[in-house]
Amino acid sequence: MKFSLSNLILIRISVLFFGFCNIIITSNLLSVEDFGKFTFTVSILQFFIYLFNFGFPNVLAILIPKSEFKNTKPILFRQKFFLSLFFTLIFFSNLVLKIFNPILLLIVFINVFLWINAFALNINNYKNSTFIFGQFRPGGGVLINFLFFILIFFSFLSNFPLSIDDIFLYLFFSCLISLCLSEIYISKIFKNNDSKVSIREILEISIPIGLQKSIDPIQEAFFFIMCNYFLSDSELGVFLFGYRIGTLVWNLFATVLDVNFSPLISNDIVNNNSKNLNQLLQQKTIIHFLSTILLGLIIFLMYDFIVQIFFPNYLYAKQLILIFIIALSIICFFVDTINPGEIMKLSNKIIIFRFISLSFYLVPFFFSNQNMYIYPFLFTLQFSCVRLLTTKEINKKIKIDYFARFYKNNNVKF
């Protein structure tokens, strides 16, 4: 099988493009206050998607190769059956207790299933279509972003007033359609086989991985909770708008670099015993930093012109966007992992470091007047310090089985 990296780059950039378009439309359809609430809620949903997947997507990278890629379908069935029972219990408990919006719970449930499907397809054949259905977050994947874009775009053209609940309903249907298509694709790709792997064996492997992989979304969720606590609704809307645009700019280059450097890194580990690993990571970091800073400077110079066309309510987000771009560029220098497809079994020391680092977000409690410009600096300080403290430890623990197999088993065309 030949695999062109340019195709994967195009797919991932398409995700960012539709994500950017969705930010443009939702920021115009919703008030500044409602946009902040929407973005905050999506971030909390992302945390629950990580938490409630029980590490199932990542454990597939262990169980599928062990079964020589023959028992994928029964392993997926056992995982999904367990998750269906778990979410059914949560859903009906919520109907009685009325704590969460049922639509939000369904979005979490659907995206956990999408993540499992995408990971299973990636491990087996790494085809382009696996990235279309969605992964890792609500609104992830080309198809979900495209469907969501179509729905809100027509509402925008027709001047149809939308509430936050309506926006989440659109997101729900976008995710549901993507899930249905991915299930059809899964049923055609994988054949029925008998597997001796029990759900207990799966959980024994997956739960520790799931908890460890939840650390990063916990950090982001805690960050947003602190911002939501200290900032007014309008300030939160402007702040999260700046954060989203800043991360989009940063991820634009991260996507291209990850796709291009991952096979090189795997090649070095498989064939050269990691001889050039540090050099490759340094090259990737420097390119990422310089390119992000350059694009950030261009955006800063053209922001007043762009904002009048696309974001008339967010003129004051200019400084925040630049601060976040610089912050994310600084953070990339403290690389603590090879991001794509890694399976990490973190030590207790790393987990303790990361949770202690969250204390940085308590700094505003010591000030009488909270200012939203302090949070990007706390964000940078927290992530940079924790990565600096844990880099050596993670380098000892990291496994990149997934991309090593990808490099060895596929004819990669650069």
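Read on for an overview of the structure. Source: prediction; values computed, not measured. (Residues numbered from 1 in each chain as written. Predicted model: local features only at pLDDT ≥ 70, side-chain atom pairs only at ≥ 80, totals over all residues. Heavy atoms only, no water.)

What follows covers the overall build of the protein chain. Tallying secondary structure elements over the protein chain gives 15 helices and 2 strands in all. Counting only contacts in the protein chain whose residues sit at least 6 apart along the sequence, the fraction spanning at least 24 positions is 82%. Counting only carbon and sulfur atoms, one obtains 66% of the accessible surface of the protein chain, whose full area is about 19,400 Å². (Helix = DSSP H or I, 4+ residues; strand = E, 2+ residues; numbered from the N terminus. Contact = heavy atoms within 4.5 Å. Areas by Shrake-Rupley, 256 points an atom, 1.4 Å probe, with all protein chains shown as cover.)

A separate point is the pattern of salt bridges. All chains considered together, the criterion is met by 2 salt bridges. Across the pair Lys-80 and Glu-183 runs a salt bridge whose closest N-O atoms are separated by 2.8 Å. With Lys-80 in helix α4 (residues 72–97) and Glu-183 in helix α7 (residues 164–189), the pair connects residues that are 103 residues apart, well separated along the chain. Classification of Lys-80 by relative accessible area gives buried; the value is 10%. Exposure remark for Glu-183: the relative accessible area of 28% places this residue in the partly exposed category. (Salt bridge = Lys/Arg side-chain N within 4 Å of Asp/Glu carboxyl O. Buried < 20%, exposed > 50% of the residue type's maximum accessible area, 1.4 Å probe, protein only.)

What follows covers the packing of aromatic side chains. Counted according to the given criterion, the structure contains 39 aromatic pairs. Seen in terms of ring centroids, Phe-38 and Phe-168 are 5.1 Å apart; in terms of plane orientation they differ by 50°. Their pairing is tilted. Within this pair, whereas Phe-38 is found in helix α2 (residues 32–52), its partner Phe-168 is found in helix α7, the two being separated by 130 residues in sequence. Taken as a pair, Phe-38 and Phe-168 share a single burial class, namely buried. Seen from their ring centres, Phe-324 and Phe-379 are 6.0 Å apart, and the 75° between their planes marks the pair as edge-to-face. Pair noted here: Phe-324 is in helix α12 (residues 318–331) and Phe-379 is in helix α14 (residues 374–397), with a separation of 55 residues, a long-range link. Taking the relative accessible area as the measure of exposure, Phe-324 reaches 0% and is therefore buried. Accessibility expressed as a relative area gives 4% for Phe-379, which makes it buried. (Phe/Tyr/Trp six-rings, centres within 6.5 Å; stacked < 30°, edge-to-face > 60°.)

A surface patch of nonpolar side chains, about 810 Å² in accessible area, is lined by Leu-294, Leu-297, Ile-298, Leu-301, Met-302, Phe-305, Ile-309 and Phe-310. Tracing the backbone through its elements, the reader meets Ile-298 in helix α11 (residues 277–310). When its relative accessible area of 39% is taken as the criterion, Ile-298 is described as partly exposed. (Patch = residues over 30% accessible without salt bridge, like charges linked within 9 Å, V, L, I, M, F, W, Y side chains within 5 Å.)

A separate point is the nonpolar core. Of all hydrophobic cores here, the largest spans 99 residues; its most connected members are Phe-168, Phe-223, Phe-239, Phe-241, Tyr-314 and Phe-379. Counting residues per element, this core draws most heavily on helix α5 (residues 102–125), which supplies 13 residues. Contacts of Phe-239, omitting those with residues within four sequence positions, involve Phe-223, Cys-227, Leu-231, Leu-320, Phe-324, Met-372, Tyr-375 and Pro-376. (Core = buried A, V, L, I, M, F, W, Y, C linked by side-chain atoms within 4.5 Å.)

The subject of this paragraph is the environment of Phe-289. Note on placement: Phe-289 falls in helix α11. The partly exposed category is assigned to Phe-289, whose relative accessible area is 24%. For the pair formed by Phe-289 and Ala-254, sequence separation is 35 residues and the distance between their alpha carbons is 9.7 Å. The residues contacting Phe-289, other than those within four sequence positions of it, are Ser-329, Ile-330, Cys-332 and Phe-333.

Before going further, it helps to examine the side chain of Lys-284. Take Lys-284: it is sitting in helix α11. The exposure class assigned to Lys-284 is buried, which follows from its relative accessible area of 13%. Look past the residues within four positions of Lys-284 in its chain and what remains in contact with it is Leu-257, Asp-258 and Phe-261.

Here we come to α4. Between its first and last C-alpha atoms α4 spans 37 Å; for 26 residues at 1.5 Å apiece the expected length is 38 Å, and the two agree. Inspection of α4 places Thr-72, Pro-74, Ile-75, Leu-76, Gln-79, Lys-80, Leu-83, Phe-87 and Asn-94 among the buried residues, and these make up the whole buried set. (Expected span 1.5 Å × (residues − 1).)

Positive phi, normally seen in glycine, also occurs at Phe-54, with a value near 55°. Look at Phe-54 and you get buried, because its relative accessible area is 17%. Of note, the phi angle at Lys-98 is positive, near 55°, even though the residue is not glycine. Residue classification places Lys-98 among the exposed residues on the basis of a relative accessible area of 69%.

Tracing the sequence through the fold places Leu-358 in the loop between α13 (348–357) and α14. It is 8.1 Å that separates the C-alpha atoms of Leu-358 and Phe-223, two residues lying 135 residues apart in sequence.

Okay, the environment of Cys-227 next. Checked against the element boundaries, Cys-227 lands in helix α9 (residues 215–230). Of the residues examined, Cys-227 reaches a relative accessible area of 0% and is grouped as buried. Setting aside anything within four residues of it in sequence, one finds Cys-227 in contact with Leu-236, Phe-239 and Tyr-375.

This part takes up the packing of α11 against α12. Two elements in contact, α11 and α12, have axes whose closest approach is 9 Å; the angle formed by their N-to-C orientations is 175°. Regarding the angle of α11 to α12, the classification is roughly antiparallel. Contact with α11, carried on its side by Phe-289, Thr-292, Ile-293, Gly-296, Phe-300, Tyr-303 and Asp-304, involves Lys-318, Ile-321, Leu-322, Ile-325, Ile-326, Ser-329 and Ile-330 of α12 and no other residues of that element. Of the residues in the contact of α11 with α12, the class split is 9 nonpolar, 3 polar and 2 charged. (Axes fitted to C-alpha atoms, helices over the stretch in contact; angles between N-to-C directions. Parallel < 35°, antiparallel > 145°, perpendicular 65-115°, else oblique. Nonpolar A, V, L, I, M, F, W, Y, C, P; charged D, E, K, R; others polar.)

Running from N to C, helix α8 (residues 199–213) and α9 cross one another at 35°; their axes reach a closest spacing of 5 Å. For the pair formed by α8 and α9, the contact residues are Leu-211, Gln-212 and Lys-213 on the first element and Ile-215, Asp-216 and Pro-217 on the second. Each residue belonging to the contact of α8 with α9 can be placed in one class, and the counts come to 3 nonpolar, 1 polar and 2 charged.

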